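Structural features, examined
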Amino acid sequence: MNTKSLCTLVFCLPMFCSYAVTIQPLAPETNFNQIHSGKEFCQIAMKDKPSIQACMPILNFDNNFQISALEKGGSVPITVNTNQSYGFYEAQAMDSITVTISNLQSHKIIYSGKSLNMQGLKCNGSYCVPWE
């Protein structure tokens, strides 16, 4: 897969629809390396997608450790590789989701709590903070 590509995954159940987007590693010539906040990530990823009503991104800014993100009620954690971003998207308006972030090497939970709409979390192998 080309590192510039935007890979979109759509998961739909009869009464609920959730979208997920992964932005691959950033090449210097892409506009994604200019993202400075979760809000900017969401604005770019949601552009021209009116069915998406909420966006909770995760940025792994660590150079050494992969992290995993599991949305409350989810069954399969999402791996967020080093220096990559991942977005949880919802088709219904909501203020936040509850997510658990773990360091994949140590298998320790580094964050468990809310990820806010249009803000998300910025994480490394040890901790997460709001992506402001």
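A few points on the structure. (Residues numbered from 1 in each chain as written. Predicted model: local features only at pLDDT ≥ 70, side-chain atom pairs only at ≥ 80, totals over all residues. Heavy atoms only, no water.)

1. Section: the overall build of the protein
Looking only at helices and strands, the protein features one helix and ten strands. Mapped in sequence order, the helices and strands of the protein form the string β-β-α-β-β-β-β-β-β-β-β. Taking all 132 residues of the protein together, the buried fraction comes to 42%. If you sum the accessible surface of the protein, you get close to 7,400 Å²; carbon and sulfur atoms cover 55% of it. (Helix = DSSP H or I, 4+ residues; strand = E, 2+ residues; numbered from the N terminus. Buried < 20%, exposed > 50% of the residue type's maximum accessible area, 1.4 Å probe, protein only. Areas by Shrake-Rupley, 256 points an atom, 1.4 Å probe, with all protein chains shown as cover.)

2. Overview of the sheet that holds strand S8 (residues 109-116)
Sheet strands line up and pair through hydrogen bonds in the backbone, either parallel or antiparallel. Taken in spatial order, the four strands line up as S5-S4-S7-S8 in an open sheet, and their pairing is antiparallel. A strand with exactly one partner marks an edge of an open sheet, and here the two such strands are strand S5 (78-80) and S8. Taking the axes of each pair of neighbouring strands and ignoring which way they run, one obtains an average angle of 30° across the sheet. Alignment of strand S7 (residues 96-103) against S8, held across seven bridges, turns out to be antiparallel. If you follow Thr98 over to S8, its bridge partner there is Lys114. (Pairing = 2+ DSSP bridges. Axes fitted to C-alpha atoms, helices over the stretch in contact; angles between N-to-C directions.)

3. Quick look at the side chain of Ser102
Looking at the secondary structure, you find Ser102 in strand S7. Residue contacts for Ser102: discarding those within four places in its chain leaves Gln66, Ile67, Ser68, Lys108, Ile109 and Ile110. (Contact = heavy atoms within 4.5 Å.)

4. Some remarks on the state of the cysteines
Summed over all chains, the structure comprises two disulfides. With a sulfur-sulfur separation of 1.9 Å, Cys42 is cross-linked through a disulfide to Cys55. Here the disulfide of Cys42 and Cys55 is left-handed, its torsion about the S-S bond being about -80°. Within this pair, whereas Cys42 is found in helix H1 (residues 38-46), its partner Cys55 is found in strand S3 (residues 54-60), the two being separated by 13 residues in sequence. The class of Cys42 is buried, set by a relative accessible area of 0%. Accessibility expressed as a relative area gives 0% for Cys55, which makes it buried. Each disulfide of the protein joins two cysteines, and with those cysteines numbered along the sequence the arrangement is 1-2, 3-4. (Disulfide = S-S within 2.5 Å.)

5. Quick notes on unusual backbone geometry
Most peptide bonds are trans, and most residues other than glycine sit at a negative phi. The phi angle at Asp48 is positive, at roughly 65°, despite the residue not being glycine. Within the chain, Met118 stands out as a residue other than glycine whose phi angle is a positive 60°. Along the chain, Met118 turns up in the loop between S8 and strand S9 (121-123). Its relative accessible area of 28% is what places Met118 among the partly exposed residues.

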